[in-house]
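Chain by chain, the residues run as shown.
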Amino acid sequence: MKIKSLYTLVSASVLMLIVGCDSLSESANRLEKNYLDETAQQPEEEKPVLIAEPRPQSGTYAENFEGKEAVAPLEIESQAGSDYYVKVVNAANNVDTLAIYIRGGETIEVDVPLGNYEIRYASGNTWYGIDDRFGSETSFNKANELFSFVQNNYQISGYTITLYQVVDGNLQTVSIDESEF
């Protein structure tokens, strides 16, 4: 006579139905106890609790000009609502040149060194600090074009960027992964 076993995993416990002799039932009970002991010993992965920080004032958060003089004007306008953490990234070596915090609805003016840069930004409503930015609600984006800050004779080129949609606007952005930020 063959003995059949049926095992069903339900939630965090094991329900075992065994048809047959007592020695198999004892064996099944030991298996179930071992399984329950093992799962009870494994701590659940805890998600860190994020603690909101006061919103920084709009302005330069960090700078790394790599020994170059910042002479080219950059103006960034934002719309009320979300705040922004903007990075100006050197396109030649992928080094962050500037990090700027901008409160929603405010405009910031900074100078950057001459060169080609990418503009990347994170946005959200609650600031959790430089490492967590706006928490799980952070939206990461970058402009689709490079910004070339150059000097022609005595004239230095600059840019004004709006971080909100403008009718007939000419700056396209794309969503990026946090690892690309």
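What counts as what
Residues numbered from 1 in each chain as written. Predicted model: local features only at pLDDT ≥ 70, side-chain atom pairs only at ≥ 80, totals over all residues. Heavy atoms only, no water. Phe/Tyr/Trp six-rings, centres within 6.5 Å; stacked < 30°, edge-to-face > 60°. Helix = DSSP H or I, 4+ residues; strand = E, 2+ residues; numbered from the N terminus. Buried < 20%, exposed > 50% of the residue type's maximum accessible area, 1.4 Å probe, protein only. Core = buried A, V, L, I, M, F, W, Y, C linked by side-chain atoms within 4.5 Å. Contact = heavy atoms within 4.5 Å.

### Details of the packing of aromatic side chains
Part 1: Tallying each qualifying case throughout the model produces 12 aromatic pairs.
Part 2: On the basis of an interplanar angle of 50° and a centroid distance of 6.2 Å, the ring pair of Tyr85 and Phe181 is categorised as tilted. Note that Tyr85 is positioned in strand E5 (residues 83-90) and Phe181 in the segment after strand E14 (173-175), a separation of 96 residues in sequence. Summarising the burial analysis for this pair, Tyr85 and Phe181 share the class buried.
Part 3: For the pair Phe140 and Phe181, a centre-to-centre distance of 5.3 Å together with 55° between the ring planes defines the contact as tilted. Here the residue Phe140 occupies a position in strand E9 (residues 139-143), and Phe181 occupies one in the segment after E14, the gap between them amounting to 41 residues.

### Focus on the nonpolar core
Part 1: Membership of the largest hydrophobic core comes to 21 residues, with the highest contact counts inside it found for Leu74, Val86 and Ile100.
Part 2: Once you skip the residues sitting within four places of it in the chain, Ile100 turns out to touch Gly59, Thr60, Tyr61, Ile76, Tyr84, Tyr85, Val86, Val88, Ile108 and Val110.
Part 3: If you look at the next biggest cluster of nonpolar residues, it comprises nine residues, including Tyr85, Ala99, Trp127 and Phe140.

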